[in-house]
Amino acid sequence: MSSLSRELVFLILQFLDEEKFKETVHKLEQESGFFFNMKYFEDEVHNGNWDEVEKYLSGFTKVDDNRYSMKIFFEIRKQKYLEALDKHDRSKAVEILVKDLKVFATFNEDLFKEITQLLTLENFRENEQLSKYGDTKSARAIMLVELKKLIEANPLFRDKLQFPQLKNSRLRTLINQSLNWQHQLCKNPRPNPDIKTLFVDHSCGQPNGARAPSPANNPLLGSLPKAGGFPPLGAHGPFQPTPAPVPTPLAGWMSNPSTVTHPAVSGGAIGLGAPSIPAALKHPRTPPTNPSVDYPSGDSDHVSKRTRPMGISDEVNLPVNVLPVTFPGHGHAQAFTAPDDLPKTVARTLNQGSSPMSMDFHPVQQTLLLVGTNVGDIGLWEIGTKERLVLRNFKVWDLSQCSMPLQASLVKDPGVSVNRVIWSPDGTLFGVAYSRHIVQIYSYQGGDDVRQHLEIDAHVGGVNDLAFSHPNKQLCVITCGDDKTIKVWDAATGNRQYTFEGHEAPVYSVCPHYKENIQFIFSTALDGKIKAWLYDNLGSRVDYDAPGRWCTTMAYSADGTRLFSCGTSKDGESFIVEWNESEGAVKRTYQGFRKRSLGVVQFDTTKNRFLAAGDDFSIKFWDMDNVQLLTTVEADGGLPASPRIRFSKDGTLLAVSANENGIKILANTDGIRMLRTFENSYESSRTSEAVTKSTISPISAAAAAATSAGLAERGSSVVSIAGMNGDARNLGDVKPRIAEESNDKSKIWKLTEINEPSQCRSLRLQENMRVTKISRLIYTNSGNAILALASNAIHLLWKWTRNERNSTGKATASVSPQLWQPTSGILMTNDVADSNPEESVPCFALSKNDSYVMSASGGKISLFNMMTFKTMTTFMPPPPAATFLAFHPQDNNIIAIGMDDSTIQIYNVRVDEVKSKLKGHSKRITGLAFSHVLNVLVSSGADAQICVWNSDGWEKQKNRFLQIPSGRTPSSQSDTRVQFHQDQMHFLIVHETQLAIYETTKLDCVKQFIPRDSSAPISHAMFSCDSQLVYASFLDATVCVFNAANLKLRCRINPSSYLPANISSSVQPLVIAAHPQEANQFALGLSDGGVHVFEPLESEGKWGVPPPAENGSASSVPATPAGGAGSEQAQR
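Keep in mind it's a predicted model, so treat the numbers as computed, not measured.

## Points about the pairing of strand β45 (residues 925-931)
Looking along a regular strand, one sees side chains alternate from face to face of the sheet. β45 sits mainly inside the fold: seven of its seven residues count as buried. In this antiparallel pair of consecutive strands, β45 and strand β46 (residues 936-941), the connection spans four residues, and Asn935 shows a positive phi of 55 degrees.

## What about the sheet that holds strand β26 (residues 618-623)?
One open sheet holds the four strands; their spatial order is β24-β25-β26-β27, and the pairing between them is antiparallel. In this open sheet, the two strands that pair with only one neighbour each are β24 (603-606) and β27 (631-633). Taken pair by pair, the neighbouring strands of this sheet meet at an average axis angle of 25 degrees, ignoring direction. Where strand β25 (residues 610-615) lies against β26, six bridges are found, and the strand directions are antiparallel. Within β26, the residue paired with Asp615 across the bridge is Ser618.

## With respect to the pattern of salt bridges
Going through the model one piece at a time under the given rule, you end up with 36 salt bridges. Its salt-bridge partner being Asp975, residue Arg924 comes within 3.1 Å of it at the nearest N-O pair. Remark: Asp975 occurs in the loop between β48 (956-961) and β49 (976-980) and Arg924 occurs in the loop between β44 (913-919) and β45; sequence separation between them is 51 residues. It is possible to trace a salt-bridge network through shared partners that takes in Arg158, Arg562, Glu578, Arg588 and Asp625.

## Looking at the environment of Val933
As for its position among the elements, Val933 is in the loop between β45 and β46. In sequence terms Val933 and Pro363 are 570 residues apart; their C-alpha atoms lie 8.0 Å from each other.

## Things to note about the nonpolar core
Nonpolar side chains in soluble globular proteins generally cluster together in the buried interior. Counting 43 residues, the largest nonpolar core has Phe36, Phe41, Leu57, Tyr81 and Leu101 as its most contacted members. Those elements that provide at least two residues to this core are α3 (38-46), α4 (50-57), α5 (67-86), α6 (90-101), α7 (109-116) and α8 (136-153). Broken down by element, this core gets its largest block of residues, ten residues, from α5. Aside from chain neighbours lying at most four places away, what touches Phe41 is Phe36, Val53, Tyr56, Leu57, Ile76, Leu144, Leu147 and Ile151.

## Examining the side chain of Gln905
As for its position among the elements, Gln905 is in strand β43 (residues 903-908). For Gln905, a relative accessible area of 7% translates into the label buried. Here Gln905 is in contact with Met876, Pro880, Ile895, Ala896, Ile897, Met899, Val914, Ser916 and Lys917, once residues within four sequence places are set aside.

## Topic: the environment of Pro363
Structurally, Pro363 can be placed in the loop between β4 (356-361) and β5 (368-373). On the basis of relative accessible area, Pro363 is assigned to the buried category, the value being 12%. Separated by 61 residues in sequence, Pro363 and Ser424 place their C-alpha atoms 8.0 Å apart. Apart from the residues within four sequence positions on either side, Pro363 is in contact with Trp423, Ser424, Pro425, Asp426, Gly427, Lys649 and Val933.

## Notes on the sheet that holds strand β33 (residues 774-779)
The sheet built from four strands is open, its strands ordered β33-β34-β35-β36 with antiparallel pairing. Each edge of the open sheet carries a strand with a single partner, namely β33 and β36 (818-819). Across five bridges, strand β34 (residues 785-790) lies against strand β35 (residues 795-799) in antiparallel orientation. Bridging across to β35, Leu787 finds its partner in Leu797.

Conventions used here
Residues numbered from 1 in each chain as written. Predicted model: local features only at pLDDT ≥ 70, side-chain atom pairs only at ≥ 80, totals over all residues. Heavy atoms only, no water. Buried < 20%, exposed > 50% of the residue type's maximum accessible area, 1.4 Å probe, protein only. Helix = DSSP H or I, 4+ residues; strand = E, 2+ residues; numbered from the N terminus. Pairing = 2+ DSSP bridges. Axes fitted to C-alpha atoms, helices over the stretch in contact; angles between N-to-C directions. Salt bridge = Lys/Arg side-chain N within 4 Å of Asp/Glu carboxyl O. Core = buried A, V, L, I, M, F, W, Y, C linked by side-chain atoms within 4.5 Å. Contact = heavy atoms within 4.5 Å.

In short, the description is geometric, and any link to function would need to be established separately.
Structure follows, in structure tokens:
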């Protein structure tokens, strides 16, 4: 149906409503599926007209369309069922169960059985999960709140919940205009025509001499507009517009177009729509990283025909518990509460000294911001410490190599502005495009180490844009300029590789991309033309007009599947649009710009979900799937008319140019937490900076100051793992810690020893079943429970609740939790097949929303519902058996499974398929960890080998064997564990012979701790939640707390402080877990089946005092094993 025909339906709906044809209105709403009348829906639900409720819904969605639709229908049918039970109408309840609810048994048979069991109860409120069910009226009201949320989140209802804003009686007005036009065409128009029908065109009869024309007027239709006020309509009538010529599709000029199409399922990874429990895990969706994805056809009327790739907020599509009023596994609120995910709070205000023209965040170190200004200055800021690390004024590096036009231009007017700054994909280079001829490429070595790399006299006139690209696996620089050309340069040598000519106006922007392994470049020019180029000399492949036809920039979503452009016309009219690449047409145009923008609007994309633009002295945000403005942020005022903006890679920060040479850094909750990390360390470092009068970064100053004995202790408090690459700045991705207050130079540092129960808070958790030993241990992500897996394949779950003694409801050593079990009394017990669970290698992984756990103990992998403890499904029977599980950070449907045959299987839960099998180890896999920043998977094995795999194509990038200290012979069952630091660039290695911190890209060991020969082996270790500490357990029941920055021991907890004297020699700690929010809390799993929670005394607030730094250790990171081990060996 054409858009005009669709609009006609809305006009008819308005007419019917005005004429009070209520039933017909709702019938047309349902049959057309164009407008969902929420008020009517609410009324029908409140009145309990369930048949009409479902009939009305059927015009917009079906039960199995997606998980939102499924839950909408389930909630309605469940309410109908409960109301029948409440009336003790058993026959009606059975009828509803069989006819309406049985369909859900296909997706989760156990839950259907649980619903059926309600028939056996005298009062269904005896069921714990329904104990708070009130009367019918209140239950309907509660359900309606949930239904409205589901409908608003369901992509199938997108753009169908708002009726267009129309003037009253719009259809009558259009008919009047048509009659008025017809009347003007009459050969002998009468002054007061008598219009009796609309079925045929109006024509006045012979007037017997009356000639004066006047507007037609008819009481039925109301007064008509003035004659001559409306232009004639086209010959085809208003609802059959002449079809526009179809341009060449953007994707059409590429060779070998993909035959892979998107599934016709709405909303990305949100469905339960398959006919069995295993199949419910198989809901098809092409992963966003798949290079062979075809672009969807642009049917904007039917969102259901396009798969929307979701970001990391997606949870895996698993069967959910359908009995409670709210589903524990339901994630729509997380996925769609857009404004809460956006960086809207001003967290930093910087002053560059000149007006910012372009900004870009470092692709890996999220708090590094590169800035270029209107006077040619380049600034590099560490946002965390508000410190400008680098300031470079514009100068030509080698004037003799410049063209004569450039030399003459600079003599005439030395003023130069920066048009663009941008980092290379790995952050080792950055490029600067200037308003005069030149591009300069710098290399970045970390900290304030910025070096000249290349200077290119690129274009005659200004260089308007610059980008990096990887055609033929070779890093290139792409530039465009006032000379109407696009040029491609070798990023290593500066040699020109291609020149693209064909634009007839200065080229304003470039956007390189790749699809189906084909590299190409979009370019836009100041005449509004968009062209596309392959890396050859065959000219432009497409030629389109950009909305606005002047200054336009283009950008893809982060996953590369959606193309957007933002442009401003010469008259100040601005546009953001999404393109349908397969048709070469605008797919949707976003609303909300100022009528005449003051300046050229800039935009950016983030998280595959949001668009942002600087307009009208503010930042405006849109959801990519909704053309209506999402929200506007003024950033406390002080913004220019069209501020320049740039998101950080993970979307937690947004840099915005401000008045008076300012830059405001906006942050969301995660961004604020990350930035607060720097505050204490920065305050500490400022003292050192003042003493040394250094002008470099405060951390570097503190490091230099630490070389003097008098300031060594002060310097040690600002050492951080970020220095592992020679970069001595503090990390950004960690939670703030209590400031270390030991500034007394005369104070001698002493290791904190905890020998008595009174010296710390520890709590042994109660258990009412006999388990032999705790094999795996984890806190839930919410921080209010601990999950343990015992060696006999049974899971234990302890929950803390909010009460007078525990106002937060979080885990604590001060209040005992409850060993939780559902009312059914069942246990979460792993499949053990024919194996002896005591001899198998247990493993588990917890979902982000704590609603389910995947676990194995030598048999099949089991999926458990954490609320009901029921086994939702099992898969992957041995051999080989799973030995380690890890969820992909961006897609919870992808699991890395380490096996006892030394392979790693990359398994897609939804389609029940192994996507890749990684081979590189020689013994069983003992550890897996993903870095979402570096896009790698790090694996470790019983062979003491570390491998790094690219998580896009799963190729092995590097591998290295641990260096076992001489004289140490690890046991045959020795595990090697890995865990990423919060900077996602370094990881902790745990082996019975050592702790080590490695830098990922080079696999260099940058810190190491080796226990002395007489010490007990290390059993397990883990970073604290802020990555500032490392908790390590030893087989002699000792627990040690290390500074993560240098692996120096700061506190030792001896077994006498938490174990009775009569058993301390026979009990061993096997596994350790760190609280997800409280940096000073950890839990210990013991060989006797006990679990202990530890916290420092409230009066202390932390575990000991960090040891002083050795001379130079704050600024240099040794890469040899001996570097971090000397004093620790003596202590251990």
